[in-house]
Each structure stands twice: as C-alpha cells, then as structure tokens.
Amino acid sequence: MAARSFAVIAAGLVALLALGPVVAVVWRAGGFASFGPGDMQALRFTLWQAAASAALSVGLAIPVARALARRRFVGRGLLVALLGAPFILPVIVAVLGLIAVFGSQGLVNRALSGLGLPSLSIYGAHGVILAHVFFNLPLATRMILQGWLAIPGERLRLAAALDLGPWTMLRVLEWPMLRRIVPQAFAVIFVICLSSFAVALTLGGGPRATTVELAIYQAMRFDFDLGRAAALACLQLALALSAGLVALALSGGTGFGAGLDRAIPRWDADRAGAKVLDAAWIGFAALFLLTPLVLVTLNGVPGLTQLGASTLASAGRSLAVALASTLLCLLWALPLATRRGEVAGLAGIAISPLVIGTGLFIVVRPYAAPTDLALPVTMLVNAMAALPFALRILRPEAESIRAEHRRLAQSLGLSGRVWLMRILLPRLRRPLGFAAGLTAALSMGDLGVIALFADPGHATLPFHVYGLMGSYRMEAAQGAALLLLALSLGLFWLFDRGGRVNA
Amino acid sequence: MLEVRGVTHGAGAFRLEADLTLPRAGRVAVIGPSGAGKSTLLDLIAGFRAPDAGRILWDGSDLTDQPPGRRPVATLFQDNNLFPHLSVNENLALALRPRGGRLDADQRTARSEALERVSLPEMGARRPGDLSGGQQSRAALARVLLQRRPVMLLDEPFAALGPALKREMLDLVRDVGDTLDALVLVVTHDPRDAQGFAAQTVLVDEGRVHPPVATETLFSDPPPALRAYLGD
C-alpha cells in the first residue's frame, strides 16, 4: 500500500539521519584514546547535575502538585496552563530571566546586600541546576498532578467516609501513586538534563560545570579537535541511549495530559494548617516561575529601541528556520503517526542534537563550508528533535480517525489523495495545529546545533542574543530576548489557534 | 449470484467456515449468537478480511483479491457511515466521485433525488451531527442508493434506533434494495427482524455458516442450534 511505503521512507530517513552521523562520528573517533582528563570530569558533572536537577525538580513538585490537586482558587487554570509554558520557552530567554532574579545585579542579591549578607553567583554548577529546576519543575508538577487527579473520586469518598487522617491517606492512596509516577518523572528529567547544552553554555562552563555536550562544542569550536569531539559524541550517545531506554521502560501512559484544570473535592485537607501550607507552595511555584518571565518582559522593553539590523536579520533567519522545520516535521510525522512509527520517531529524542550536528559536520566538511550549511542543518535537526513530540500529539488522533473511518473510505473506494485531503487532514486539524505550534516554538528558541556551525553573521536569533550577552550588551540582549519570546509564543499561538478556528 | 466457496478464516475459537450460494437478488437475514461469526462473514464478503482458504465469486467472477472499494458491494456499518466533518451533500459526493472532483449536473440531480427518496430533501447542507439518529441512517441509505452496487451488506445497522423507527428503516432498505434489484444481506440478532424482512435466513453458529433456508421454515421448525439461541 502507498501509505505504508511512505511510512517506510519516513522511518528510513529518521534512521539514516540518526545513525548516519553517528557512524561518521564513530569512524572519525578512531578509538577512545583521545579523551582528556577534563572529559572524565565533564562526564561526572553531567551525571551529577542531571541527578541533582531531577531530584530537586521532583522533590519540589510533589507538594506543589498536591496543593494544586486539592485546592480551587481564582487563576488556578491559568497557573496550570503556565506550567506548560517552559516547554516552548527559549532557553536563552529563561536564562536572562533567571539572571535578572538571581544574577549579581538581580533581585535576590540586591535584597541580600541590603541585609548585609554575602551575594550569590548564578554562574557555575548551582546556576545550571537552578535553570534545570526552572524548566523541569513545571514538567514534574504536571506529571505528578496528573497522577493525583487520576486517583478515583470514589476512593477519596470512601477515605472521607472512613475519616482517614493525612498519614493514612498518604499511605493508602497517595503513596502507591507516587511510587509509580515519581520514578518516571525523575527518569524523564534526568534524560533531559543529561543532554543539557544551552543552559551549560550560558550559565556553566569551566572545569566544574561543563557537561559532555558542552565539551563536544568546545572541542569542535575552540580546540578544533574533531577526534576528541567524536569520542565525546560517542560517550554522550551511550549516556543518552542507556538513560533513554531506562526512562522508556519506566514510562507509563503519562502524556501531555488532558483535563488538568479540575480540582477534586477533598475532605481530608480542610484544616487551617494544610491550607496555609498549600498556599505557601503554590505561591512559591508561581513566584519562582513567573518572576523571571515578568522581569524579562519589563527589562526587554527599553532594549527594543536598540534592535539593530543584525538582530532583525537574525530574527528573519530564525523565522525561516522555524517555519521550514515545522513543515518538514509535519511531513515527516504524518506517515509515522502509528504505534510503530512513534517508536521510530523516538530515535530523535534519544540521540542528542549536538551528536547529530557533529556527525553532519564531519560528513559535509569535505564538500562544503560548514557555515553555509548552518541553517539547513539546524532546520533538519530541529525537525527531528520535535518529531517525537509531534508524534505523541498526532498519533492517538490519527489512529482513532483510521479506526473510525477507514472502513467507510475503503468501501467507497476513496483514493489516497481524497482520503488525505478530505478526511485525514481536516479531522487532524486541531492536533496538527498544536503540533505545528510546538515545533515552531521549539525550533524558534533552539540554541544547540547552530552554535557548532554558525558565525555571528549568519546566526539565528537565540545565538544572536547569546552573542550580545557575551559582549556585555545586556540591554540589547534583553530587547532581542523579548523579541524572541514574542516570536516563539506568537508562532505557537498562531498555529495552535489555526487548528481550532472553525474546527 | 454470490458464491462463498470453501472459505475459512481464523483459528481456534475464532475460526469461521462458510460454503454457501445466495441468489442474485433478494433479501437474506444472517442470524446467530454474538461471537458466532456473523460480522466476520460480512467482512469477508465486503473485503475487509481475507479468507485463509477458499474463494468468493459474484456472477462467476472472482472477488477474493479485490479491495473493498472495487467489489460490487455497498456496506451499511453499525456506525460511522458518514464522515462527521463533511455535510450530507459532501458525503454523498464522495460516494459518487471517490477519487475527488466536482459532480456534474446529472450527478447532482441523482444526489437530490436520493435525498428525496429517503425523505431528507433540503437536509443536504447539514452535517451528520446536526441530524437525528434516524435521519443519519436515512442519509447513509441515500449514500448506498447512490453507490448503485448490486450487493448491499448491513451489519446490525439500526441497533441504536427504537423498534418503530427500526421497522421503518428496514422498510426503506427493502425499498432501496428493490429499486437497485440488489442482493441485501442483513445481520441481526432479533428473530422478528428476520421474519418481517427476509425471505431467506442464514444461520451462523459456532463458526459454521449454514446454507440459506426459507425464513418461515426455519422458525417454524428451528434446528437445535437456533432453538438454543432463541431460548425455547
């Protein structure tokens, strides 16, 4: 059947692009002899910071999720929706927001010096972990909140009828749920932090805060030691693959989750102490997540006047890359939106963009100048990185459309084109819009593979912001970051809304 | 005529064996307990399942390897008979032009006649969700009418409708079948449907398809399998 051959071609392309660069890397690496002493430290730091970030994110998420699960208040729906925002927030924007709060001139340090206390530095290992918690606390909260809301209301009613106290509630109902969800959440966040590049690039660095991904970049960019970069890429690949497989084995049915905007009635939490505690946790989470975003916006406004031609040009390049990778990602995802296709798409998440970038760099170097290929390669890698998420969104809907309408279409003898244009695409509009919005925003904000290839004259907007930060032009950087934030959120909103209008 | 020659499908508890010949036109009920293989038999004839052995022929030509859309068969499913995001008119247009394109004047006339025939004139612009259950069934029948295929398969199509409405719809099916001079196969689990609708009845029991028998005869002297199913 034609549909199947498209699926095979799409899966083959994923495999080729995931494995081809790796083969190139392995071939170029020529053994592991070329590791430097700093590389082992990078490995240790990578594992340690990922474990610490995951533990902190999950540990803080448990009380926040419990508070959100059992309280109703004005703005709860908005706050839960905002928990999804860091996913599409450009890393460089979040980093600027965190610097505004925790940096040397930030709110926290000004308060500390006012009290005569020593100041904190956001740069280094704890800055990396702080940024990871900022990004992953919302993810962990959403996962655990989903677990809490999945406890059947009948059981809570029974518990209330038996007048179970908080400790018994925890032991009987909540602990079994947490024992299932917490390892999943920990594993997912561990995997995400394992491939951390942009955060380590901006806040880390130095011998004590370099991840393997950052070490690959440094070996390529500064030492131009392809052999060592290749060896590091193999190390990163082994790390990501093994941790990814563990996470996959632990993962249950937790997806993007629908219906998080309801609170379940709880009779056990109706005590003043519990109320104060829950309010404190919700307040902490809201402040921690919102303050950096508010400051990025406020600080960015004055910088908007400094948006020069180079910033606007890089914004144009970023838009083009984002739109092209969205189109490519959807073209890729449509034939793969099946159970087996989703597994093929996972290759994109298990393998780090930097590894693919390094491999493609090695492959294309004899034929073309890497800087010429910076944007196409970024576009390709972004599409591939977003593919697992797009498939996660599209697959359930595509399968139910097939289950419901395939027989009628076959019995009418609809052609493949009519099936695609008249039935599948119109019915997939909502998830397509959502997936396109997510892909566009992710690609818009990506600061990864572009750093390997680009020179400042041909960079994307996130890389441009990073360059402005590096040259201490903070006001211009903040203005450009606000533009980047607006473009990322705007793209997401436009696509997502496009899928909903008249649907 | 429709010949099902030595067809087997599935294994173990899901094995179905069928060997029967049905006339070129007329109404046949397919009755039997759930899980006996009634729907599997219809799927084999419609082409949604392929037999492990045996052939299926229509007027002597072999259908076994034909895809569903190429068979002389129109199916009325239990549900999902219309695409919910398309209007009734658009749904009917797809039945006439399954490879896309605009309807010509004759086809448009045929479409409005079909809608009139099922008592849904002026309803073409509506989407299936804006129609009642009975109206949806009527629109689906208009679709079958336009497909003009000599075999009509109905797999408990009106199970969701009340008794009076169901009888009305079966009358309409009889009407459409007579117009097309088609062979109409209706799967049902209600003996009264079979008695009121079909001259002949095929009993499917424990994976065996029995040859068609006159409905009157079958119910006046039911074989043990049917007796067990009817519960008397």
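Residues numbered from 1 in each chain as written. Chains lettered and ligands numbered in written order. Predicted model: local features only at pLDDT ≥ 70, side-chain atom pairs only at ≥ 80, totals over all residues. Heavy atoms only, no water.

A. The arrangement of the overall build of chain A in detail. A tally of helices and strands in chain A yields 21 helices and 0 strands. In terms of overall dimensions, chain A is globule-like: its C-alpha atoms have a radius of gyration of 24 Å, near the 23 Å expected for 503 residues. Along the three orthogonal principal directions, the C-alpha set of chain A runs to about 80 × 75 × 50 Å. Partitioning the intrachain contacts of chain A with sequence separation of at least 6 by distance along the chain shows that 85% fall at a separation of at least 24. (Helix = DSSP H or I, 4+ residues; strand = E, 2+ residues; numbered from the N terminus. Rg over C-alpha atoms; globule rule 2.2 N^0.38 Å. Contact = heavy atoms within 4.5 Å.)

B. Spatial organisation of the packing of helix H4 (residues 91-102) of chain A against helix H12 (residues 272-303) of chain A. Residues and elements named next belong to chain A. Taken N-terminus to C-terminus, the directions of H4 and H12 make an angle of 100 degrees; their axes are 8 Å apart at the nearest point. Regarding the angle of H4 to H12, the classification is roughly perpendicular. Across the interface between the two elements, Val-93, Leu-96, Gly-97, Leu-98, Ala-100, Val-101 and Phe-102 from H4 touch Phe-288, Thr-291, Pro-292, Leu-295, Val-296 and Asn-299 from H12. The residue inventory of the contact of H4 with H12, partitioned by class, reads 10 nonpolar, 3 polar and no charged. (Axes fitted to C-alpha atoms, helices over the stretch in contact; angles between N-to-C directions. Parallel < 35°, antiparallel > 145°, perpendicular 65-115°, else oblique. Nonpolar A, V, L, I, M, F, W, Y, C, P; charged D, E, K, R; others polar.)

C. A look at the environment of B:Ala13. Residues and elements named next belong to chain B. By secondary structure assignment, the location of Ala-13 is in the loop between strand S1 (2-9) and strand S2 (16-22). According to the relative accessible area criterion, Ala-13 is exposed, its value standing at 73%. Separated by 22 residues in the primary sequence, Ala-13 and Gly-35 have C-alpha atoms spaced 9.3 Å apart. (Buried < 20%, exposed > 50% of the residue type's maximum accessible area, 1.4 Å probe, protein only.)

D. Quick peek at the pattern of salt bridges. Residue and element names in this part refer to chain B. Here the structure, examined in full by the defined rule, presents 21 salt bridges over all chains. Residue Glu-17 pairs with Arg-15 through a salt bridge whose shortest N-O separation is 3.3 Å. Assessed through its relative accessible area of 35%, Arg-15 is described here as partly exposed. Where Asp-193 meets Lys-166, a salt bridge forms, and the shortest distance between an N and an O atom there is 3.2 Å. Of the two residues, Asp-193 sits in helix H6 (residues 191-197) while Lys-166 sits in helix H5 (residues 163-180), which places them 27 residues apart along the sequence. Asp-193 sits in the buried class, given a relative accessible area of 16%. Overlapping salt bridges bring together Lys-166, Asp-190, Arg-192 and Asp-193 as one network. (Salt bridge = Lys/Arg side-chain N within 4 Å of Asp/Glu carboxyl O.)

E. Quick look at the pairing of S1(B). Residues and elements named next belong to chain B. In terms of burial, S1 is largely enclosed, as 6 of its 8 residues are buried. As paired strands, S1 and S2 are joined by 6 bridges and run antiparallel to one another. Across the sheet, residue Glu-3 finds its bridge partner in S2, namely Thr-21. The turn linking S1 back onto S2 is made up of 6 residues, and Gly-10 within it adopts a positive phi angle of 80 degrees. Bridge count for S1 against strand S4 (residues 53-58) is 5 bridges, and the pairing is antiparallel. Within S4, the residue paired with Glu-3 across the bridge is Leu-57. (Pairing = 2+ DSSP bridges.)

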